[in-house]
There are 2 protein chains.
Amino acid sequence: MKKKLAIDAMGGDFAPKSVVEGCLSAQAKYTDIEFILFGDEAQIKPLLTDTSRMTIVHTTEKIDSGESDPVKAIRSKRNSSLVLAANAVKNGEADALISAGNTGALLASGIFIVGRIKQIDRPGLMSTLPTMDGKGFDMLDLGANAENTARHLQHFAVLGSFYAQNVRGIAKPRVGLLNNGSEASKGAPLQKEAYELLAADDTIHFIGNVEARDLMAGVADVVVTDGFTGNAVLKSIEGTASSLMTLLKASITNGGMRSKLGALFMKKSLYQLKDTLDYEKAGGAVLFGLKAPVIKSHGSSKADAIFATIKQTHKMLETDVVGKLVQHYQEDK
Amino acid sequence: MKKKLAIDAMGGDFAPKSVVEGCLSAQAKYTDIEFILFGDEAQIKPLLTDTSRMTIVHTTEKIDSGESDPVKAIRSKRNSSLVLAANAVKNGEADALISAGNTGALLASGIFIVGRIKQIDRPGLMSTLPTMDGKGFDMLDLGANAENTARHLQHFAVLGSFYAQNVRGIAKPRVGLLNNGSEASKGAPLQKEAYELLAADDTIHFIGNVEARDLMAGVADVVVTDGFTGNAVLKSIEGTASSLMTLLKASITNGGMRSKLGALFMKKSLYQLKDTLDYEKAGGAVLFGLKAPVIKSHGSSKADAIFATIKQTHKMLETDVVGKLVQHYQEDK
């Protein structure tokens, strides 16, 4: 079955070049994908070395990464590449939406244009983050919501489990609740209440509380938390990893000839380390709980990150993970 | 002026050996410190190579690191080394309390035995965490509270500023509010309300919201947040740093002769990296907002970490940072 992707070709720091290049790589690899590129035809067309299964929907309007009121932005810029792409998904002309542009505007487009699965009040932003063994774990919410209830966290657990099962092929994903200790009684009222709901839900495999310290050790396959904490934890992991790599580089540079020579010998090991940490290999961040896959590629995405996001979207469509979710919630009623 | 330290000699993974060794190093360096060691005399005495300015208060009772109900533990174990040490501070026989034992029990001893500064409802747990430039930043609350109000966060800002000024010698500490974006309107209601309070408080130098991603880059000298988020961020930083060092080691070990040779050449640089990350150099975590310094050294503290905690406590007493805090809040009334 053909998979039609609505691509915001103008979103991201290196758009449209990197976006189009990523699409071309995916076009060569996946013959069942049709691409609809929303953006400035004059800029996109010269980059399109192969136009098969590629359609351009021309627009010169775009939402900048700096716009601070995303809801207002999608309402006032109705002809922006992002809003047109989201409309294409809403109208059934495309099966999924991909953008590397303004995160807030993509979240707003997902919720207000593509639309929620009826039973899920609050979709969550989810990424597959790296673990030391290379398997990774899915965490949500990473910041789609500033506040969440225990019921939202339970939905996140179901969403994350569906993703880990279908997209990552984990038969029985271990779901952990992010908390400040392992005992059931730990945490603020939100965590205590969420613990009860998760423990009582037999559609998931809840393993109890997990601590942020153990995430990279692979303590769970799915980790649920509220959007504020998830955002802080994600940014702490990113900031620490990036600071450490910077420090390592600086200590090599300032360490004189011995260090530089050493680093040269260690090149393979250092690249391997960088590679393990590169969670963009797993794709983008999914705004999960919507009627169709809506995926955010990192703002600084180069062609290979866009390709990884398309690969991930292809898998989501092939496994029909969203359709299965809708069915799960219908049966639940 | 003599400074009397009440030391829980039985707290921590390597107690009493490492604790006593740390005290002996500090005894040699600081001639104005008197040590009161609470613990098993039969174990402590043979380790005490120099007994000058050292007093042992014998007890065989102790609170284990695994006890999950800390309040119950300090109430039922009235003759434990920790509770006796806390009582010594309460009764004015000692000026500060140090323990590397059960964190929850130390927090409970601090709040219920040593006691709060009247105007501060919720003392916060604060550490100086590492930044890339080596200067560090103070963050609180790291988990003394599961929930906090905006008013608590304002107290944390004052506490952190006093510490940074007096103990770390920063004339005008930049205070940041941990949030999920830099704009004033960001965050959950707690952060929005805290932003208003911090912006209106002219006794501190508030620089606005800071994101977890930028903490190690040194974006602020003092970072305030609620205890749940602070705990998650601290553990994320610790977990990521430790996972990365493990990965680096593994990639060297598995990288064959070239990598091992390279690492040998890079030894100095790698140690320098490890050293920058070692925030125990800055001392322990202070439960701040009490009538006297109460400091938690890491459970796995060796002698040098205990020494660093004593050095920090010495500085807190020498600068009378707690006394100045009390005065600040009295004038405020």
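Looking at an unreviewed UniProt entry, one finds chain A named Phosphate acyltransferase, with Pseudolactococcus plantarum as its source organism. Entered under Subunit (unreviewed entry) in the UniProt record, the comment concerning chain A runs "Homodimer. Probably interacts with PlsY."

A. The arrangement of the overall build of chain A in detail. The helix and strand tally for chain A stands at 11 helices and 11 strands. Computed over C-alpha atoms, the radius of gyration of chain A comes to 20 Å, within 12% of the 20 Å expected from 2.2 N^0.38 for 333 residues, which places it in the range of a compact globule. With the principal axes as the frame, chain A shows a C-alpha extent of 70 × 60 × 35 Å. Out of the 333 residues belonging to chain A, those deemed buried represent 59%. Put simply, of all contacts in chain A between residues at least 6 apart along the chain, 69% involve residues at least 24 apart. Element-wise, carbon and sulfur atoms account for 49% of the exposed surface of chain A, whose accessible area totals about 13,800 Å².

B. Just unusual backbone geometry, in detail. Omega for the bond connecting Leu 140 of chain A with Asp 141 of chain A falls within 30 degrees of zero, at 0 degrees, which places this linkage in the cis form. Position of Asp 141 of chain A relative to the elements: it lies in the loop between β6 (137–140) and α6 (150–166). Notably, Asp 320 of chain A is not glycine yet its phi reads approximately 50 degrees, a positive angle. With relative accessibility at 42%, the residue Asp 320 of chain A sits in the partly exposed group. For Arg 53 of chain B, which is not glycine, the phi torsion reads 55 degrees and is therefore positive.

C. Spotlight on the domain arrangement of chain A. Residues and elements named next belong to chain A. As assigned here, chain A comprises domain 1 (1–120 + 289–333) and domain 2 (126–280). For domain 1 and domain 2, the distance between their C-alpha centres works out to 25 Å. Taken residue by residue, the interface counts 16 residues in domain 1 and 11 residues in domain 2. A buried area of about 1,300 Å², summed over both sides, lies between domain 1 and domain 2, and 66% of it is on carbon and sulfur atoms. Three residues stand out in domain 1 for area buried against domain 2, namely Val 321, His 328 and Tyr 329, and they jointly supply 28% of the buried area on that side. On inspection of domain 1 and its partner domain 2, the count reaches three residue pairs in polar contact (both at pLDDT 80 or more). Taken together, the elements giving at least two residues each to the side of domain 1 that touches domain 2 come down to α10 (303–318) and α11 (321–332). When grouped by side-chain class, the residues that make up the side of domain 1 that touches domain 2 number eight nonpolar, six polar and two charged.

D. Region of the structure containing helix α8 (residues 227–253) of chain A. Taking 1.5 Å as the rise per residue, α8 of chain A with 27 residues should run 39 Å; its terminal C-alpha atoms sit 38 Å apart, in good agreement. Where α8 of chain A starts, the residue carrying a side-chain oxygen 3.2 Å from the main-chain nitrogen of Phe 228 of chain A turns out to be Asp 226 of chain A.

E. Molecular detail of the pairing of strand β5 (residues 124–129) of chain B. All names here are of chain B. Counting buried positions along β5 gives six out of six residues, so the element sits mostly inside the fold. Here β5 pairs with strand β10 (residues 285–288) via three bridges, running antiparallel. Bridging across to β10, Met 126 finds its partner in Val 286. Summarising the sheet, β5 and strand β6 (residues 137–140) pair through three bridges and their orientation is antiparallel. Bridged to Thr 128 within β6 is Asp 138.

F. Broad picture of the packing of aromatic side chains. Residue and element names in this part refer to chain A. Considering all chains together, one arrives at six aromatic pairs over all chains under this definition. On the numbers, 5.8 Å between centres and 85 degrees between planes, the contact of Tyr 163 with Phe 288 is edge-to-face. Placement of the pair is Tyr 163 in helix α6 and Phe 288 in strand β10 (residues 285–288), with a sequence separation of 125 residues. Across the pair, exposure class does not vary: Tyr 163 and Phe 288 are buried alike.

G. Focus on the interface of chain A and chain B. Contact with chain A, which involves 50 residues of that partner, is made by 50 residues of chain B. Of the roughly 4,500 Å² buried between chain A and chain B, counting both surfaces, carbon and sulfur atoms make up 69%. We note a salt bridge from Glu 238 of chain A to Arg 213 of chain B, for which the minimum N-O separation is 2.9 Å. Taken together, the links from chain A to chain B amount to six residue pairs in polar contact (both at pLDDT 80 or more). Mapped by element, the contributors of at least two residues to the side of chain A that touches chain B are α7 (189–200), α8 and α9 (256–277) of chain A. The leading source of residues in the side of chain A that touches chain B is α8 of chain A, at 19 residues. In terms of residue class, the side of chain A that touches chain B is made up of 24 nonpolar, 19 polar and seven charged.

Conventions and cut-offs
Residues numbered from 1 in each chain as written. Chains lettered and ligands numbered in written order. Predicted model: local features only at pLDDT ≥ 70, side-chain atom pairs only at ≥ 80, totals over all residues. Heavy atoms only, no water. UniProt positions renumbered as here; feature names shortened; annotations may be inferred. Helix = DSSP H or I, 4+ residues; strand = E, 2+ residues; numbered from the N terminus. Rg over C-alpha atoms; globule rule 2.2 N^0.38 Å. Buried < 20%, exposed > 50% of the residue type's maximum accessible area, 1.4 Å probe, protein only. Contact = heavy atoms within 4.5 Å. Areas by Shrake-Rupley, 256 points an atom, 1.4 Å probe, with all protein chains shown as cover. Domains from an automatic or database assignment. Buried area = accessible area lost by both parts, 1.4 Å probe. Polar contact = N/O pair within 3.5 Å; in protein donor to acceptor, adjacent residues only side chain to side chain. Nonpolar A, V, L, I, M, F, W, Y, C, P; charged D, E, K, R; others polar. Expected span 1.5 Å × (residues − 1). Pairing = 2+ DSSP bridges. Phe/Tyr/Trp six-rings, centres within 6.5 Å; stacked < 30°, edge-to-face > 60°. Salt bridge = Lys/Arg side-chain N within 4 Å of Asp/Glu carboxyl O.

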